[in-house]
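Below are the chains, spelled out letter by letter.
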Amino acid sequence: MGNWVVNHWFSVLFLVVWLGLNVFLFVDAFLKYEKADKYYYTRKILGFCSRTLRKQLDHNLTFHKLVAYMICLHTAIHIIAHLFNFDCYSRSRQATDGSLASILSSLSHDEKKGGSWLNPIQSRNTTVEYVTFTSIAGLTGVIMTIALILMVTSATEFIRRSYFEVFWYTHHLFIFYILGLGIHGIGGIVRGQTEESMNESHPRKCAESFEMWDDRDSHCRRPKFEGHPPESWKWILAPVILYICERILRFYRSQQKVVITKVVMHPSKVLELQMNKRGFSMEVGQYIFVNCPSISLLEWHPFTLTSAPEEDFFSIHIRAAGDWTENLIRAFEQQYSPIPRIEVDGPFGTASEDVFQYEVAVLVGAGIGVTPFASILKSIWYKFQCADHNLKTKKIYFYWICRETGAFSWFNNLLTSLEQEMEELGKVGFLNYRLFLTGWDSNIVGHAALNFDKATDIVTGLKQKTSFGRPMWDNEFSTIATSHPKSVVGVFLCGPRTLAKSLRKCCHRYSSLDPRKVQFYFNKENF
Amino acid sequence: MGQIEWAMWANEQALASGLILITGGIVATAGRFTQWYFGAYSIVAGVFVCLLEYPRGKRKKGSTMERWGQKYMTAVVKLFGPFTRNYYVRAVLHLLLSVPAGFLLATILGTACLAIASGIYLLAAVRGEQWTPIEPKPRERPQIGGTIKQPPSNPPPRPPAEARKKPSEEEAAAAAGGPSGGPQVNPIPVTDEVV
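Predicted model only: the values in this text are computed from it and were never measured.

J.: Explain the sheet that holds strand 7 (residues 314–319) of chain A to me, please; I cannot follow it from the model alone.
T.: Adjacent strands of a sheet form backbone hydrogen bonds with each other and so pair up, either parallel or antiparallel. Residue and element names in this part refer to chain A. Taken together, the 3 strands give an open sheet; going across it, the order is 3-4-7, and neighbouring strands pair in antiparallel fashion. Every interior strand has two partners, whereas the edge strands, strand 3 (258–266) and strand 7, have only one. Here the strands of the sheet are splayed against their neighbours by 20° on average, with no regard to which way each runs.

This is how it looks when you write it as structure tokens:
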């Protein structure tokens, strides 16, 4: 528990402050409408009403989803509350008993008499549906809600992972949402008594005597109301400006020329692109967004950078995993047509920049998650060769877990060359890596058993033998803990959630309570 | 965009619409709004739509994530055969179900969403998609002793070819069936090709 707090204190603090602000704003607005004198008559005609406020802050994916859930929750509360309100307004309009509510409702909409009405439902025959679809608030509300629902249903994990384009294009409905939100309050349907009217006939004095408002000798006059000015634009202005700036920046960056210096077709349909762009500088483990206008004008796809910052180009490895990637690979395979133009936005950073800060680093890459580690390993190797003093890392344990190595034979080659170079420099102990093949069958194991005595592994050709099945993390962690009893060990994972859970547990279990002894810190890549 | 199965999104949308119908219906009936009986209808329609849409159909390509506990509803939905398999039927059904809820403001959102889901289902039907149930994979019975491989039936040291032929001819005449201990009985006559 202590380790978790140390690792996550900033996110927790941020979330607590944000949630706290949300609660505060909600309660504040609620109390304002509940208690303030300005809204005395509004309350009388309605009961009570609640207003929802929500802020939009885009920090990262998790926060974005949290905000989305909040929006949905508050939208539901908002709609339900206004449904009750409209029903109350409707009943007040229908009331003929001369009650306070009916008199308030009869305050005219006529602009000549000052337009100081309270009940938005103007006549007996007007239905709530009519008001909904003819008022700005109602119409924008309906459009916004439908846009929101479409965005949410196309953003479920299943749809996102299986049919990304549906999610991507539908999510652009947010434009209608934001526009609608900005003008939602313009109509001023929620009304409070004007200052002037309050001074003249304060509700505390006059509410009881509402039958006599029209008498000439009464102290009280009919109250006058004005609409509450729209406020939502204040909340969304800053984020909208930030977003527009980001899109402009992306457009500007995408216009800059990207020169493709090398194209390599690896086995199992993996395409490597080595590129150059003026002013591009990267750190390890970062990713870029790539767009290929000849394939799709609007789609930007993220790819981890597989080159090290020390190299004079930057590269990505693209595996065929859907429409866009397959089309891209096919376009590059054409020998006789010109190479398609590529636009690049980025780089964007992730947790792996911290790798060099740990004395001992445990890197775990599962399946396609091995790609950021290509960059890290290459960079560590360059730094080591130049005896870079900023490199605190003394030892690396690299675990590569995948079903079969076919699609990652390029990574295989990288490990082979690293192996060779380490031998030449005589530093064989620096990098310990182990490969785990989880998609094994008895044939493979049979072969491995037969070739046990060979110096290189029959599956990968590496000096390090392949293991089959999944690693036993308890054993691994206890070995590392005993070999490095006083070090701070950084554990980096790029892989599935279940693996993250077990690694996190092991980190907590094997970190010693004494802060001077071995400590494991867990960092997860977020893709 | 060629490989999108619209029915999957229509399914999510319809499920959401069902929940919205139920919520709107509860608000209308609990609040006793005017014409609240449409709210009661909306609750019933919403529950029906949710139950119908809960079991996810199987994707044509790739694996499909089942919703938790969907196998019970899959069995029920499967029973209706072509009525649930065909997406034209679903499109029309959802459109019809959404109409009565449109008379009440509280449930009109459900109407709009269900109508959109109906539209997406129509698109799916036009592209020839169908609802196929996700069947549970039959558990492979582990065959006891299935992985035990028989040892080689004629291990060395083997007698030379000539010695092998004579006793096999006698044994073929004498033996009742199946190989027994001793020299191998070869079902296909083995000839020695060494000259």
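J.: What is the right way to read the packing of helix 1 (residues 6–30) of chain B against helix 2 (residues 37–53) of chain B from this model?
T.: A pair of packed helices is captured by two measures, namely the crossing angle of their axes and the spacing between those axes. All names here are of chain B. Viewed as axis vectors pointing N to C, helix 1 and helix 2 meet at an angle of 155°, and their least axial separation amounts to 7 Å. By the angle between their axes, helix 1 is roughly antiparallel relative to helix 2. Here the hand of the crossing between helix 1 and helix 2 comes out left-handed. Between helix 1 and helix 2, the residues in contact are Asn 11, Ala 14, Leu 15, Gly 18, Leu 19, Leu 21, Ile 22, Gly 25, Ile 26, Ala 28 and Thr 29 and Gly 39, Ala 40, Ser 42, Ile 43, Gly 46, Val 47, Val 49, Cys 50 and Glu 53, respectively. Residue composition of the contact of helix 1 with helix 2, grouped by class: 12 nonpolar, 7 polar and 1 charged.

J.: What is the right way to read helix 14 (residues 371–385) of chain A from this model?
T.: Think of an α-helix as 3.6 residues a turn; residues three or four steps apart then line up on the same face. All names here are of chain A. Compared with the 21 Å implied by 1.5 Å per residue over 15 residues, the 22 Å span of helix 14 between its first and last C-alpha is a close match. Across the 15 residues of helix 14, 12 count as buried, placing the element largely inside the fold. All buried positions along helix 14 are accounted for by Thr 371, Pro 372, Phe 373, Ala 374, Ser 375, Ile 376, Leu 377, Lys 378, Ser 379, Ile 380, Trp 381 and Lys 383. Each element contacted by the buried residues of helix 14 is listed here: strand 6 (301–304), strand 9 (360–366), strand 10 (395–402), helix 15 (409–425), strand 11 (431–437) and strand 13 (488–494). Looking one or two places after helix 14, you find Ala 387, whose phi comes out positive at around 50°.

J.: Could you clarify how one ought to interpret the interface of chain B and chain A in this entry?
T.: Often, the extent of an interface is quoted as the loss of accessible area on bringing the components together. The interface is formed by 31 residues belonging to chain B together with 27 residues belonging to chain A. Summed over both partners, the interface of chain B with chain A buries about 2,500 Å², with 74% contributed by carbon and sulfur atoms. Linking chain B to chain A there are 0 salt bridges. The tally of links from chain B across to chain A stands at 6 residue pairs in polar contact (both at pLDDT 80 or more). At the level of elements, helix 1 and helix 6 (105–126) of chain B are the ones that each hand at least two residues to the side of chain B that touches chain A. With 9 residues, the single largest contributor to the side of chain B that touches chain A is helix 1 of chain B.

Cut-off values and rules
- Residues numbered from 1 in each chain as written.
- Chains lettered and ligands numbered in written order.
- Predicted model: local features only at pLDDT ≥ 70, side-chain atom pairs only at ≥ 80, totals over all residues.
- Heavy atoms only, no water.
- Pairing = 2+ DSSP bridges.
- Helix = DSSP H or I, 4+ residues; strand = E, 2+ residues; numbered from the N terminus.
- Axes fitted to C-alpha atoms, helices over the stretch in contact; angles between N-to-C directions.
- Parallel < 35°, antiparallel > 145°, perpendicular 65-115°, else oblique.
- Left-handed = near helix turned anticlockwise from the far one by under 90°.
- Contact = heavy atoms within 4.5 Å.
- Nonpolar A, V, L, I, M, F, W, Y, C, P; charged D, E, K, R; others polar.
- Expected span 1.5 Å × (residues − 1).
- Buried < 20%, exposed > 50% of the residue type's maximum accessible area, 1.4 Å probe, protein only.
- Buried area = accessible area lost by both parts, 1.4 Å probe.
- Salt bridge = Lys/Arg side-chain N within 4 Å of Asp/Glu carboxyl O.
- Polar contact = N/O pair within 3.5 Å; in protein donor to acceptor, adjacent residues only side chain to side chain.

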